[in-house]
Amino acid sequence: MKYILNYIRKEEWSPYVAGVLLGLVGIVAVWVSNNLLGASGAFENLAGMIGKALVPAAFDNMYFNFIMPPGITWGVLLLVGVFFGGMLGAATSGTLLWGKKGAANSDAQWKRIFGPQVWKRWVLAFIGAIILEYAAGIAGGCTSGLAISGGMLLAPAAFLFIMGMFASGILTALIIYRKNY
Amino acid sequence: MTNIVLPLIFGVFFGFSLNKAGLTKYNKIVNVFRFTDLAVLKFMMTALVVAMSGLYALRGLGLLTFPNVPATYIVGNLVGGLIFGVGMALTGY
């Protein structure tokens, strides 16, 4: 018991242990509520809800009516849980940087490559997130919603997505890191 | 009620496992593309193998039915993945 408690307090688990935990959560989610874990869809649900309220005509299309129904969906609530789950994980290992100085740009490797400026971190995160969300919209899911949740149902889409993701990810890393790759 | 509480609980466990695997860190995500730290790959594949064997076993026993399987449209999935990788390597999401 003590061993387990100490393991929970560790900052970094073996990825195999964490992977088993996520796999079990994925099984229970399908079993209990017949839903898949996913992250990127929540943005479209929320955007659709706000859009329908502000400019109903522009959002009255196939996509927002049938593929991504607007509203506070299962996925939106899941994402709220993910936020607090991540915080809980950091809190148990004593690495929660919420509100602390330098928390917005705390990654040593990031600072070495791009510089110590906090605004750079925000700008790059914002641009990258737009790319991510747009791509997830095209592919029909993100790393969690398509690659993991689709993969565990053996959907071919998931494996195509993983192939593409790694191909361009490696290329982008090559371009960013150049000599340091 | 369960429709509100359950996703929140699943989400907490989801976020917790992501955090403990280190996937909330920029260096973990980008280093998998540099082949210097394969934690992301190990984590993803372990989760996949555990979940797929569990789900197919439970379906074989007739205990559950699968939800809508994500649609396969080859060009869309592949192009989406290609753009996604750029964002992933850039932000460390």
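The structure contained in this document is the topic of the report that follows.

Conventions used here
- Residues numbered from 1 in each chain as written.
- Chains lettered and ligands numbered in written order.
- Predicted model: local features only at pLDDT ≥ 70, side-chain atom pairs only at ≥ 80, totals over all residues.
- Helix = DSSP H or I, 4+ residues; strand = E, 2+ residues; numbered from the N terminus.
- Expected span 1.5 Å × (residues − 1).
- Core = buried A, V, L, I, M, F, W, Y, C linked by C-beta atoms within 7 Å.
- Buried ≥ 20, exposed ≤ 12 C-beta atoms within 10 Å, placed from the backbone.
- Contact = placed C-beta atoms within 7 Å.
- Axes fitted to C-alpha atoms, helices over the stretch in contact; angles between N-to-C directions.
- Parallel < 35°, antiparallel > 145°, perpendicular 65-115°, else oblique.
- Left-handed = near helix turned anticlockwise from the far one by under 90°.
- Nonpolar A, V, L, I, M, F, W, Y, C, P; charged D, E, K, R; others polar.

### Some details on the overall build of chain A
- Along chain A, the regular secondary structure elements total nine helices and zero strands.
- When the helices and strands of chain A are placed in sequence order, the string is α-α-α-α-α-α-α-α-α.
- The C-alpha extent of chain A, read off along each of the three principal axes, is 50 × 45 × 35 Å.

### Some thoughts on helix α1 (residues 2-21) of chain B
- Along its 20 residues, α1 of chain B runs 28 Å from first to last C-alpha, staying within 8% of the 28 Å computed at 1.5 Å per residue.
- Positive phi appears at Gly22 of chain B, one or two residues downstream of α1 of chain B, with a value of about 85 degrees.

### A short note on the nonpolar core
- Grouped together as the largest cluster of nonpolar side chains are 65 residues, with contacts concentrated most on Val25, Leu78 and Phe161 of chain A together with Phe14, Phe43, Ala47 and Phe84 of chain B.
- With nine residues, helix α3 (residues 39-60) of chain B is the largest single contributor of residues to this core.
- Beyond its immediate stretch of four places on either side in the chain, Phe161 of chain A contacts Ala139, Leu146 and Ala147 of chain A together with Asn77, Gly80 and Gly81 of chain B.

### Observations regarding the packing of helix α2 (residues 15-33) of chain A against α1 of chain B
- Contact pair α2 of chain A / α1 of chain B: the axes reach a minimum separation of 8 Å and the direction vectors enclose 165 degrees. Classified by the interaxial angle, the pair formed by α2 of chain A and α1 of chain B is roughly antiparallel. Where α2 of chain A crosses over α1 of chain B, the handedness of that crossing is left-handed. Contacts between α2 of chain A and α1 of chain B involve Pro15, Ala18, Gly19, Leu21, Leu22, Val25, Ala29, Val32 and Ser33 of chain A from the first element and Leu6, Phe10, Phe13, Phe14, Ser17, Lys20 and Ala21 of chain B from the second.
- Among the residues forming the contact of α2 of chain A with α1 of chain B, the class breakdown is 12 nonpolar, three polar and one charged.

### Focus on the packing of helix α5 (residues 74-92) of chain A against α1 of chain B
- It is at 6 Å that the axes of α5 of chain A and α1 of chain B come closest, and there the two elements cross at 40 degrees. Between α5 of chain A and α1 of chain B, the crossing angle belongs to the class labelled oblique. Of the two possible hands of crossing, α5 of chain A and α1 of chain B adopt the one that is right-handed.
- Its residues assigned to classes, the contact of α5 of chain A with α1 of chain B shows 20 nonpolar, seven polar and one charged.

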